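Residues per chain, in single letters:
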Amino acid sequence: MIELDNIAYTYGGGELLSEISLKLAPGSFHFLTGPSGAGKTTFLKLCYGVLTPTAGRAMLFGQDVREMDRDDHALTRRRIGVVHQDCQFLNHLPVADNVALPLTVSGRDTLDQVANLKELLSWVGLGHRAGALPPELSGGERQRAALARAVIMSPEVVLADEPTGNVDWEMSQRLLQLLVELNRMGKTILIATHDMNLIRAAKHHVQARVLRISNRKLQLAGADL
Ligand SMILES: Nc1ncnc2c1ncn2[C@@H]1O[C@H](COP(=O)(O)OP(=O)(O)O)[C@@H](O)[C@H]1O
Ligand SMILES: [Mg+2]
């Protein structure tokens, strides 16, 4: 699905990431960790094709990112759901409309999908908040809305960038549980986080591999967690 072959990335200064290879197997669960500024968000962007590696090759569903046109990118956005670090909601639209935005944009906002939207909102515990505006939401509610929006197109892969930033421990456990449930439904999950406690907690619920960005390279973290 996502295959990185010896890739590097630089924003123009020195290399931020180098010699990175990774194959995300369908149905796998990964954490991506590393200190702030290590390149976790950049790495995720390489995984969904919004950035092109400056060296090496990134393949998304068998296609080289360098050869993808606009339609290919649009298709990729359906197959890879992303929970962005900063959520990025349209503040003048109610939560339900924000969550449904990917459907609206792709012209798939049919009656069936509207029923799915209701189900999805109650799955993340926001059934009663559908009409609220994003600025009225708590941190945990925002993160759950962002997760709902990431999965509304039924993607095969979910990439989550610090999905438990700015929420308390109980809420981070709840978000983790939702991601574990998605994984049990067969989705491939990659979560970027610097929260080692979250990773430790996850080990009780799911078989997860932990990747760490250290000195520009991607390493498989050992059993020292
Ligand atoms: N658009 C950009 N242009 C230039 N530098 C960037 C850009 N985005 C991120 N960076 C830099 O790249 C480094 C890694 O950022 P990021 O991938 O956001 O790390 P992390 O998510 O691990 O905190 C940081 O030093 C950051 O300032
Ligand atoms: Mg980041």
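On a predicted model such as this, the values are computed, not experimentally measured, just so you know.

Peer 1: I would appreciate a short explanation of the nonpolar core in the present structure.
Peer 2: The tendency in soluble globular proteins is for nonpolar side chains to be buried side by side. The biggest cluster of nonpolar side chains holds 45 residues, and the ones touching the most others in it are Phe-29, Phe-31, Val-99, Leu-147, Val-158 and Leu-176. When contributions to this core are tallied by element, the ones reaching two or more residues are β3 (29–33), α3 (95–105), α4 (111–123), α5 (139–151), β7 (157–161), α6 (169–184), β8 (188–192) and α7 (196–202). The greatest single-element share of this core, amounting to seven residues, is contributed by α6. For Val-158, the residues in contact, after removing those within four places along its chain, are Gly-81, Val-83, Leu-147, Val-151, Leu-179, Leu-182, Lys-187, Thr-188, Ile-189 and Leu-190. By size, the runner-up hydrophobic cluster in this structure holds 29 residues, among which are Ile-2, Leu-4, Met-68 and Leu-211.

Peer 1: Explain the sheet that holds β3 here, please?
Peer 2: As summarised here, the arrangement of the six strands in space is β6-β7-β8-β3-β9-β10, forming an open sheet in which the pairing is mixed. The open sheet terminates on both sides in strands that have one partner only, identified here as β6 (80–83) and β10 (217–220). In this sheet, adjacent strand axes meet at a mean angle of 20° when their direction is disregarded. With four bridges connecting them, β3 and β8 associate as parallel partners. Within the sheet, the bridge partner assigned to Phe-31 lies in β8 and is Ile-191.

Peer 1: Quick question: what am I supposed to make of the pattern of salt bridges here?
Peer 2: Charged atoms that come close allow side chains of opposite charge to pair. The final tally for this structure, using the stated rule, is two salt bridges. A salt bridge links Glu-156 to Arg-79, with the shortest nitrogen-to-oxygen separation between them at 2.8 Å. Remark: Arg-79 occurs in helix α2 (residues 70–79) and Glu-156 occurs in the loop between α5 and β7; sequence separation between them is 77 residues. For Glu-141, the salt bridge identified is with Arg-129, shortest N-O distance 3.2 Å. Of this pair, Glu-141 sits in helix α5 while Arg-129 sits in the loop between α4 and α5, and the two are 12 residues apart along the sequence. Since its relative accessible area comes to 13%, Glu-141 is described here as buried. Residue classification places Arg-129 among the partly exposed positions, given a relative accessible area of 21%.

Peer 1: Which parts of the structure should I look at to understand the packing of α5 against α6?
Peer 2: Angle between the axes and distance between the axes are the two parameters that describe a pair of packed helices. Closest axis-to-axis distance for the α5/α6 pair is 10 Å, and the angle between their directions is 10°. By the criterion of interaxial angle, the relationship of α5 to α6 is roughly parallel. Residue-level contacts link Gly-140, Gln-143, Arg-144, Leu-147 and Val-151 of α5 to Met-171, Arg-174, Leu-175, Leu-178, Leu-179 and Leu-182 of α6.

Conventions adopted
- Residues numbered from 1 in each chain as written.
- Chains lettered and ligands numbered in written order.
- Predicted model: local features only at pLDDT ≥ 70, side-chain atom pairs only at ≥ 80, totals over all residues.
- Heavy atoms only, no water.
- Core = buried A, V, L, I, M, F, W, Y, C linked by side-chain atoms within 4.5 Å.
- Buried < 20%, exposed > 50% of the residue type's maximum accessible area, 1.4 Å probe, protein only.
- Helix = DSSP H or I, 4+ residues; strand = E, 2+ residues; numbered from the N terminus.
- Contact = heavy atoms within 4.5 Å.
- Pairing = 2+ DSSP bridges.
- Axes fitted to C-alpha atoms, helices over the stretch in contact; angles between N-to-C directions.
- Salt bridge = Lys/Arg side-chain N within 4 Å of Asp/Glu carboxyl O.
- Parallel < 35°, antiparallel > 145°, perpendicular 65-115°, else oblique.

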